[in-house]
Amino acid sequence: QVRLVESGGGLVQPGGSLRLSCATSGFTFSRSAMNWYRQVPGKERELVAGITRAGDFTNYADSVQGRFTISRDNVKNTVSLQMNSLKPDDTAVYYCNARFNFQSYWGQGTQVTVSS
């Protein structure tokens, strides 16, 4: 079965950094575009970053561009999100997403809280 498991969330002060990781199994990782989304209560789930199957193209939400970096390892079957210069508005549950065969799969989410 398809599994996506996020890790690396936690509490960090404004200006700090966190690195989120998503371990995957149950599908051919290299055939799937990968994304990170985030969601806060009362707001729509937001696409934070995306990366193509080969990792040759990435895209970012305007709110995180220049601060966040998405990457993937097609040997380890993982996707990561390096988050720098974190702001309180980055506080959210972050979800790993895989898209392949016209289907979308989600991890359980990991909480990121940016607060002093």
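Criteria and cut-off values
Residues numbered from 1 in each chain as written. Predicted model: local features only at pLDDT ≥ 70, side-chain atom pairs only at ≥ 80, totals over all residues. Heavy atoms only, no water. Core = buried A, V, L, I, M, F, W, Y, C linked by side-chain atoms within 4.5 Å. Buried < 20%, exposed > 50% of the residue type's maximum accessible area, 1.4 Å probe, protein only. Helix = DSSP H or I, 4+ residues; strand = E, 2+ residues; numbered from the N terminus. Contact = heavy atoms within 4.5 Å. Pairing = 2+ DSSP bridges. Axes fitted to C-alpha atoms, helices over the stretch in contact; angles between N-to-C directions. Phe/Tyr/Trp six-rings, centres within 6.5 Å; stacked < 30°, edge-to-face > 60°. Disulfide = S-S within 2.5 Å.

Participant: Explain the nonpolar core here, please?
Facilitator: The nonpolar side chains of soluble globular proteins are, as a tendency, buried together. Counting 28 residues, the largest nonpolar core has Trp 36, Val 79, Leu 81, Met 83 and Tyr 94 as its most contacted members. The set of elements that each furnish at least two residues to this core consists of strand S3 (18–25), strand S4 (33–39), strand S5 (46–51), strand S7 (68–73), strand S8 (78–83), strand S9 (92–100) and strand S11 (110–114). Of all the elements, S9 adds the most residues to this core, at five residues. Setting aside chain neighbours within four positions, we find Leu 81 in contact with Leu 18, Arg 19, Leu 20, Trp 36, Val 48, Ala 49, Phe 68, Thr 69, Ile 70 and Tyr 94.

Participant: What am I meant to see in the sheet that holds S7 here?
Facilitator: Through backbone hydrogen bonds, the strands of a sheet pair up, either in parallel or in antiparallel fashion. With respect to topology, four strands assemble into an open sheet ordered S1-S3-S8-S7, the strand pairing being antiparallel. Of all the strands in the sheet, just strand S1 (3–7) and S7 have a single pairing partner and so form its edges. Taken pair by pair, the neighbouring strands of this sheet meet at an average axis angle of 15°, ignoring direction. Of the strand pairs in this sheet, S1 and S3 are connected by five bridges, and their pairing is antiparallel.

Participant: What exactly am I supposed to notice about the packing of aromatic side chains here?
Facilitator: Each pair of aromatic rings is reported with the distance of its centres and the angle of its planes. Counted by the stated rule, this structure contains five aromatic pairs. Here Phe 27 and Phe 29 contribute two aromatic rings whose centre-to-centre distance is 6.4 Å and whose plane-to-plane angle is 50°, an arrangement assigned as tilted. Taking relative accessible area as the criterion, Phe 29 reaches 2% and is therefore assigned buried. An aromatic cluster is defined as three or more aromatic residues linked by ring pairs; in this entry it consists of Phe 27, Phe 29, Phe 100 and Tyr 105.

Participant: So what exactly am I meant to see when it comes to the state of the cysteines here?
Facilitator: Joining two cysteines, a disulfide is a covalent bond between their sulfur atoms. Here the structure, examined in full by the defined rule, presents one disulfide. Two residues share a disulfide in this structure: Cys 22 and Cys 96, whose sulfurs sit 2.2 Å from each other. A torsion of -85° about the S-S bond marks the disulfide between Cys 22 and Cys 96 as left-handed. Separated by 74 residues along the polypeptide, Cys 22 in strand S3 and Cys 96 in strand S9 bring together distant segments of the chain. Exposure remark for Cys 96: the relative accessible area of 0% places this residue in the buried category.

Participant: Which parts of the structure should I look at to understand the side chain of Ser 80?
Facilitator: Along the chain, Ser 80 turns up in strand S8. Not counting residues up to four positions away in its chain, the partners in contact with Ser 80 are Arg 19, Leu 20, Ser 21, Trp 36, Thr 69, Ile 70 and Ser 71.

Taken by themselves, the reported measurements are silent on function.
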